[in-house]
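What the coordinates show
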Amino acid sequence: MGCQRNGFKKESFILSVDVGTTSIRCQVYDKEAKIQGACTAKVVPLYPEVGYVEMDPDAIWKGFVTVVKGAVQDAGVQMHQIDALGISTQRGTFTTWDRRTGVPFHNFISWQDQRAADLVKSWNSSCTLKAIKGMMRMLYFMTRQKRMLAASLITFSTQHVTFRLVWALTNYKQVRQAVAEGNCCFGTIDTWLLFKLTKGEVHATDYSNASSTGIFDPYQMCWSGFLSSLVSLPLSIFPKVENTGQDFGSTDPSIFGVSIPIMSVMADQQAAVFGECCFDVGDVKITMGTGTFVDINTGSKPHTSVAGLYPLVGWKIGSEVVYLAEGNAADTGTAIKWAQELELFSDVRDTSSMACSVSDSDGVCFVPSFSGLQAPLNDPKACASLMGLKPTTTKSHLVRAILESVAFRNKQLYDTMLRENIPITKIRVDGGVSSNDFVMQLTANLFGRKVARPQNCEMSCLGAAFVAGLGVGFWKTKEELKKLQTTDEAFLPKGTPKSGAHSPSQEYIPVLQSWERAIQRSMNWYKP
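Bear in mind that the values here come from a model prediction, so they are computed numbers and not experimental data.

1. Description of the domain arrangement of the chain
Quite often, the size of an interface is put as the accessible area lost when its parts meet. Once the domains are mapped, the chain shows domain 1 (13-120 + 161-276 + 459-483) and domain 2 (332-449 + 488-522). On a C-alpha basis, the centroid separation for the pair domain 1 and domain 2 is 31 Å. With 7 residues of domain 1 at the contact, the number on the domain 2 side is 8 residues. Summing both partners gives a buried area of about 670 Å² for domain 1 against domain 2, and 38% of it is carried by carbon and sulfur. Contact with domain 2 buries area across many residues of domain 1, yet Gln112, Gln114 and Glu276 alone supply 63% of it, more than any other trio. Where domain 1 packs against domain 2, one counts 2 salt bridges. Taken together, domain 1 and domain 2 are joined by 3 residue pairs in polar contact (both at pLDDT 80 or more).

2. Considering the nonpolar core
Residues Val284, Ile286, Met288, Ile427 and Val451 are the most contacted members of the largest nonpolar core, which totals 52 residues. Considering each element in turn, this core owes the most residues, 11 residues, to helix α14 (residues 395-418). Excluding residues that lie within four positions of it along the chain, Met288 makes contacts with Thr332, Val406, Asn410, Val429, Asp430, Gly431, Gly432, Val433, Ser434, Val439 and Met440.

3. Thoughts on the pairing of strand β8 (residues 184-188)
Burial runs high along β8: 5 of the 5 residues are buried. The alternating pattern of β8 places Cys184, Phe186 and Thr188 and Cys185 and Gly187 on opposite faces, both of which are buried. Note: strand β6 (residues 94-98) against β8, 5 bridges, orientation antiparallel. Note that in β8 the partner of Thr95 across the bridge is Gly187.

4. Some points on helix α12 (residues 333-341)
Among the residues of α12, those classed as buried are Gly333, Ala335, Ile336 and Ala339. Taken around the axis of α12, the buried residues stretch over an arc of 160°, which confines them to a single face. Against the buried residues of α12 lie β18 (365-367) and α14. Glu343 occupies a position one or two residues after α12 and carries a positive phi of about 65°.

5. Quick word on the sheet that holds strand β3 (residues 35-42)
An order of β3-β2-β1-β5-β13 is seen for the 5 strands of this open sheet, with the pairing classed as mixed. Two strands lie at the open edges of the sheet, namely β3 and β13 (262-267), each paired on one side alone. On average, adjacent strands in this sheet sit at an angle of 15° to one another, irrespective of strand direction. Strand direction decides the pairing type here: strand β2 (residues 23-29) and β3, joined by 7 bridges, are antiparallel. Residue pairing across strands places Gln27 opposite Ala38, the latter belonging to β3. Lying over the sheet, helix α11 (residues 268-275) contacts β1 (13-19), β5 (82-89) and β13, oriented at roughly 110° with respect to β13.

6. Regarding the pairing of strand β14 (residues 283-288)
Successive residues of a regular strand alternate their side chains across the two faces of the sheet. Counted residue by residue, β14 has 6 buried out of 6 residues, so it is predominantly covered. Relative to strand β20 (residues 426-430), β14 runs parallel, the two sharing 5 bridges. Residue Val284 lies in a different strand from β20, and its bridge partner there is Ile427. The pairing of β14 with strand β15 (residues 292-299) spans 5 bridges and is antiparallel. When the bridges of β15 are listed, Ile286 appears paired with Val294. The hairpin formed by β14 and β15 contains 3 residues between the paired strands.

7. What to know about the packing of aromatic side chains
Here the structure, examined in full by the defined rule, presents 26 aromatic pairs. The interplanar angle of 55° and the centroid separation of 5.7 Å between the aromatic rings of Phe94 and Phe186 together place this pair among those described as tilted. In this pair, Phe94 is assigned in strand β6 and Phe186 in strand β8, connecting sequence segments 92 residues apart. As far as the burial class goes, Phe94 and Phe186 line up, both buried. Through a chain of ring-to-ring contacts, the aromatic side chains of Phe94, Phe186, Tyr207, Phe216, Trp223 and Phe238 assemble into a single cluster. Over the aromatic face of Trp167 sits the side chain of Arg115, whose NZ or CZ is 4.6 Å from the ring centroid. The aromatic ring of Phe279 is capped on one face by Lys478, whose charged end is 5.1 Å from the ring centroid.

Here is what the cut-offs are and how they apply
- Residues numbered from 1 in each chain as written.
- Predicted model: local features only at pLDDT ≥ 70, side-chain atom pairs only at ≥ 80, totals over all residues.
- Heavy atoms only, no water.
- Domains from an automatic or database assignment.
- Contact = heavy atoms within 4.5 Å.
- Buried area = accessible area lost by both parts, 1.4 Å probe.
- Salt bridge = Lys/Arg side-chain N within 4 Å of Asp/Glu carboxyl O.
- Polar contact = N/O pair within 3.5 Å; in protein donor to acceptor, adjacent residues only side chain to side chain.
- Core = buried A, V, L, I, M, F, W, Y, C linked by side-chain atoms within 4.5 Å.
- Buried < 20%, exposed > 50% of the residue type's maximum accessible area, 1.4 Å probe, protein only.
- Helix = DSSP H or I, 4+ residues; strand = E, 2+ residues; numbered from the N terminus.
- Pairing = 2+ DSSP bridges.
- Arc of directions from axis to C-beta.
- Axes fitted to C-alpha atoms, helices over the stretch in contact; angles between N-to-C directions.
- Phe/Tyr/Trp six-rings, centres within 6.5 Å; stacked < 30°, edge-to-face > 60°.
- Lys NZ or Arg CZ within 6 Å of the ring centre and 35° of its normal.

Next up, the structure:
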């Protein structure tokens, strides 16, 4: 007989919420890391102007509360049976608010937002930045400090908070006024939720979220005084940076009826790395959701990339700090959703069979850059495009071209990672798009090595739950977590040699070359 869940016999659970770009998910986990209850709410992006992407803070908050209550109800348990709460959130999406009242001054400005693109381009080509890079190269030559090398390679991006926050401070008078009065709080979604959950008692973030803003120094493990002064950002509005796994306080009892300990706060991609149990140097996690994020565990020191990857703090639990190097593509699920809205297909589950129903894309190339191009090309002015259309082109050809573009961007990011000379030990792929067998098989073929897909593709929720559970002794060790890991399917590259050598498929080289030409023609499309 199973345990009763009516409150007479206490069975405890871990609750985890992931606030993504398109949805808010809450899941209730048992000791075997099995989902006992779940609830999802949609996130509705707002597009007030061309290039602007925003979210309503109140809608995010209401959605968060709704999914927590819904998941606990779905599990058939009581709130007092929840041992701890873990929170995973999209990164780089921020707002500012009144420290006294908690009222936001403006909507969340999304990580996909392009309003600061001209500012970013101007700074990247400025004499000031060139002089700083030159000075840092000289200091690196003299000291051989990796921190100086990293500074000499710095390239600003619209995905980082830095210049979107500069834009907000420049364009919102009430934000500037609140800063002058010492009454302004800045925070990404995790910080906003902590502030709301604790009724204004906690203004904090964790190292994984802080390191994803572009304003954090992963070498010194603090907000960058140099960068903030360079672009005139007041550090007084920034949250305190805490360990990823620790007691962040408890939810106010007026919200859920009981106080639930908040034991982990994590950035979504770092949470997915933890959920995939990528605990060893060289372990790679690829998440294909709204965007694609490729992360490799680089160990106990930040990795200085010469190939365009970004150094991140994976997590800090106790005294242990784990670093990652990351590359990303912003428009993966976005491109597939766009194709669905154009009625190229009705059910996303049909796309794999549609792609396989034709032998190739009939020469069609799709460039997935609704939000510009990220590493290794880094062009915020690139446009999305379909090239090579013919009278013979069918819906299946278009769908195949779109799915191919997802795998091709994976290949670009993988090749960038190979140039870092970090031996890759394993590759695990998650996120909603990973359920597409065509994309998974083509990715394995292009990589020339095995890629594994877990049974539960939503790893961010699980990662935050794992960290929260470790914090309250629900699970004891990371080795125990590894034993709970499940694999749905492993995709092997076609024609894998018996020697196990990693050689990518040669079949797609001409197609990949055509796609790369399409990429070049799409770059720098939107002129200032």
